[in-house]
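# Inside the fold
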Amino acid sequence: MPTPVQFAYWVPNVSGGLVTSTIEQRTDWGYDYNRELAVLAENNGFDYALSQVRYMASYGAEYQHESTAFSLALLLATERLKVIAAVHPGLWHPGVLAKFGATADHLSKGRFAVNVVSGWFKGEFTALGEPWLEHDERYRRSEEFIRALRQLWTEDHTELAGDFYRLRDFTLKPKPLNTPERPHPEIFQGGNSTAARAMAGRVSDWYFSNGKDFAGVTEQVDDVRKSAAEAGRSAPKFGLNGFLIARDTEAEARETLREIVARADTDAVEGFGAAAKQAGRSAADGKGMWQDSSFEDLVQYNDGFRTGLIGTPEQIAERIVAYKKLGVDLLLLGFLHYHEEVKYFGRQVLPLVRELEGQLDHGEAESAPVPAA
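Now for a look at the structure at hand. (Residues numbered from 1 in each chain as written. Predicted model: local features only at pLDDT ≥ 70, side-chain atom pairs only at ≥ 80, totals over all residues. Heavy atoms only, no water.)

### Details of the pattern of salt bridges
The test is simple: A pairing counts as a salt bridge when a side-chain nitrogen of Lys or Arg comes within 4 Å of a carboxyl oxygen of Asp or Glu. Elements are defined by DSSP. Helices are runs of H or I of four residues or more, strands are runs of E of two residues or more, and each kind is numbered from the N terminus. Only protein chains enter the calculation, and the probe is 1.4 Å; a residue is then buried if its accessible area is under 20% of its type maximum, exposed if over 50%, and partly exposed in between.
Per the counting criterion, the structure on display carries 21 salt bridges. With a closest N to O distance of 3.7 Å, Arg-254 and Glu-250 form a salt bridge. Residue Arg-254 and its partner Glu-250 are located together in helix α8 (residues 250-262), separated by 4 residues, close to a single helical turn. The exposure class assigned to Arg-254 is partly exposed, which follows from its relative accessible area of 42%. Taking the relative accessible area as the measure of exposure, Glu-250 reaches 35% and is therefore partly exposed. We note a salt bridge from Arg-306 to Asp-297, for which the minimum N-O separation is 3.7 Å. Put simply, Glu-24, Arg-26 and Glu-340 are held in one network by salt bridges that share partners.

### As for the packing of aromatic side chains
Aromatic rings in a pair are described by how distant their centres are and how their planes are angled relative to each other. Here is the rule we go by: What counts as a ring pair is set by centres within 6.5 Å for rings of Phe, Tyr and Trp (its six-membered ring), and what kind of pair is set by the plane angle: stacked under 30 degrees, edge-to-face over 60, tilted for all other angles. Two limits define a charge over a ring: the Lys NZ or Arg CZ must be within 6 Å of the ring centre, and within 35 degrees of the ring normal.
Counting across every chain of the model gives 21 aromatic pairs. Arranged with centres 6.2 Å apart and planes meeting at 75°, the rings of Phe-46 and Phe-335 form a pair that is edge-to-face. Taken together, the residues Phe-46 in the loop between α1 (31-42) and β2 (48-51) and Phe-335 in the loop between β12 (330-334) and α12 (338-361) connect sequence positions 289 residues apart. Since its relative accessible area comes to 0%, Phe-335 is described here as buried. In this structure an aromatic cluster arises from ring pairing among Phe-7, Tyr-9, Phe-46, Phe-335, Tyr-338 and Phe-345. We note Arg-54 situated over the ring of Tyr-301; from NZ or CZ to the ring centre the distance is 5.1 Å.

### Quick look at the sheet that holds β12
Strands pair in a sheet through their backbones, by hydrogen bonds, and they do so in one of two ways: parallel or antiparallel. Put simply, the rule reads: The pairing criterion is simple: DSSP has to find at least two bridges between the two strands. Geometry is summarised by axes, namely lines fitted to C-alpha atoms with helices restricted to the contacting stretch, and by angles between N-to-C directions that run from 0 to 180 degrees. Contacts: residue pairs with any heavy atoms within 4.5 Å of one another.
The 8 strands are arranged β1-β2-β3-β4-β7-β8-β9-β12 in a closed barrel whose pairing can be described as parallel. For this sheet, the mean angle separating the axes of adjacent strands, direction not counted, is 25°. Direction of pairing for strand β9 (residues 237-243) relative to β12: parallel, over a ladder of 5 bridges. Counterpart to Leu-240 in the pairing with β12 is Leu-331. Sitting on the sheet, helix α7 (residues 214-231) touches β8 (206-209) and β9, and the angle it makes with β9 is about 155°.

### Some details on α1
So the rule is basically this: In this scheme, a helix's expected span is set at 1.5 Å multiplied by one less than its residue total.
The first and last C-alpha atoms of α1 sit 16 Å apart over 12 residues, in line with the 16 Å expected at 1.5 Å per residue. Listed in full, the buried residues belonging to α1 are Tyr-33, Asn-34, Leu-37, Ala-38, Leu-40, Ala-41 and Glu-42. Buried residues in α1 make contact with β1 (6-11), α2 (67-77) and α12.

### Describing the packing of α1 against α2
Where we set the bar: Orientation categories follow fixed angle ranges, with anything under 35 degrees roughly parallel, anything over 145 roughly antiparallel, 65 to 115 roughly perpendicular, and all other angles oblique. By convention the crossing between two helices is left-handed if the near helix lies anticlockwise of the far one by an angle smaller than a right angle, and right-handed if it lies clockwise. Each residue gets one of three labels, nonpolar for Ala, Val, Leu, Ile, Met, Phe, Trp, Tyr, Cys and Pro, charged for Asp, Glu, Lys and Arg, and polar for the others, Gly among them.
Running from N to C, α1 and α2 point in directions that differ by 50°, and their axes come no closer than 9 Å. Taken together, the axes of α1 and α2 lie oblique to each other. The two elements α1 and α2 meet at a crossing, and its hand is right-handed. Contacts from Tyr-31, Asn-34, Arg-35, Ala-38 and Val-39 of α1 reach α2 at Phe-70, Ala-73, Leu-74 and Ala-77. Of the residues belonging to the contact of α1 with α2, the class tally is 7 nonpolar, 1 polar and 1 charged.

### Describing the nonpolar core
Test applied: Only buried residues count toward a nonpolar core. Its members are Ala, Val, Leu, Ile, Met, Phe, Trp, Tyr and Cys residues joined through side-chain atoms within 4.5 Å.
Membership of the largest hydrophobic core comes to 82 residues, with the highest contact counts inside it found for Phe-7, Tyr-9, Phe-46, Ile-320 and Phe-345. By residue number, the principal contributor to this core is α12, which donates 7 residues. For Phe-7, the contacting residues outside a window of four places in its chain are Gly-45, Phe-46, Asp-47, Tyr-48, Ile-320, Leu-330, Leu-331, Leu-333, Phe-345, Leu-350, Val-353 and Arg-354. With 23 residues, the next largest nonpolar core counts Val-87, Leu-97, Tyr-139 and Leu-152 among its residues.

### Some details on the environment of Ser-294
Looking at where Ser-294 falls in the secondary structure, it is placed in the loop between α9 (266-281) and α10 (295-299). Looking at Ser-294, the relative accessible area reads 34%, which means it is partly exposed. Between the C-alpha atom of Ser-294 and that of Gly-273, which follows or precedes it by 21 residues, the distance is 8.9 Å.

### Considering the side chain of Ser-118
Selection criterion: What qualifies as a polar contact is a pair of N or O atoms within 3.5 Å, subject to a donor-acceptor requirement within protein and to the restriction that residues adjacent in sequence count only when both atoms come from side chains.
Turning to its location among the elements, Ser-118 is positioned in the loop between β4 (112-116) and α4 (122-127). At a separation of 2.7 Å, a polar atom in the side chain of Ser-118 contacts the side chain of Ser-142. Once residues lying within four places of it in the same chain are set aside, the contact partners of Ser-118 are His-88, Arg-138, Tyr-139, Arg-141 and Ser-142.

Remember that the coordinates give geometry; whether it matters functionally is a separate question.
Structural data, given as structure tokens:
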């Protein structure tokens, strides 16, 4: 049977919630809240959790728990959930991360994963005394980082003489678990630019996109698959960011979105937008992340509103399955009130998704039109 669409959630290990707004967000960046959330999520249909990475106060995020340590804590608190730790090349050496990842993988019985983030926040790098590379150079470094990481996890006597990293006859023991599902911890990668898409096709297991409508997803899926074909490898799986507002009526959901944007922290949103757009503007073709994001888009800082997962459970389920038909393998979701809304998703939305997928699997919905963007 075709693989069902999978679901991940953004771990709120950074203060301020998932929208930069003064609206009430019943969520918390602390460990106790997040431990309960992880158990709740794995019992309500979530396959993955993604721990965010920020190193200093910025744009409404006053406090942050470090992503790899937090991910390991969540892995040890759960039984099935796979946890993805976001990491920055330039602040990590691949050999050190490979060692941490191998240990985390053994402790969690094969549930550790990593998301390689090329970086958008110049201030973090300069405050830590690290150089800030131009856009395409950051992705070139990330590609070298991923190649090194995969070698360290799968080969002995690793040798690498790269432009950014050096490895000399290095053997990692113990290596991560090798299972039929995955020969090493899964490697995710984000970015919307041309450089990011090309890199994903060459080296990554998963490609994460910012929020996109149907046309945007189709363009990115095609580009990543083309890059993979040119590299002679299978295309990475495709993950899409979305902020989910499911309510009993569409009017309630739309009113929640309206209130989030109306109560946006204007200074924080504009500051984030300026920093993020500066980071992507130096892309060779100007197609870096957030380059076409509006103020409303940036209130959810990964363009989550653009995916359109706003409405009744039935409307959202139809849209999720429409994205699946376009090539989306995983939805990375954020919520306003995590505990309540993760439970609502598992009970009200997910069963409808699985029902629609069953119709697809039996050919009953193949000719159904994709909803309007």
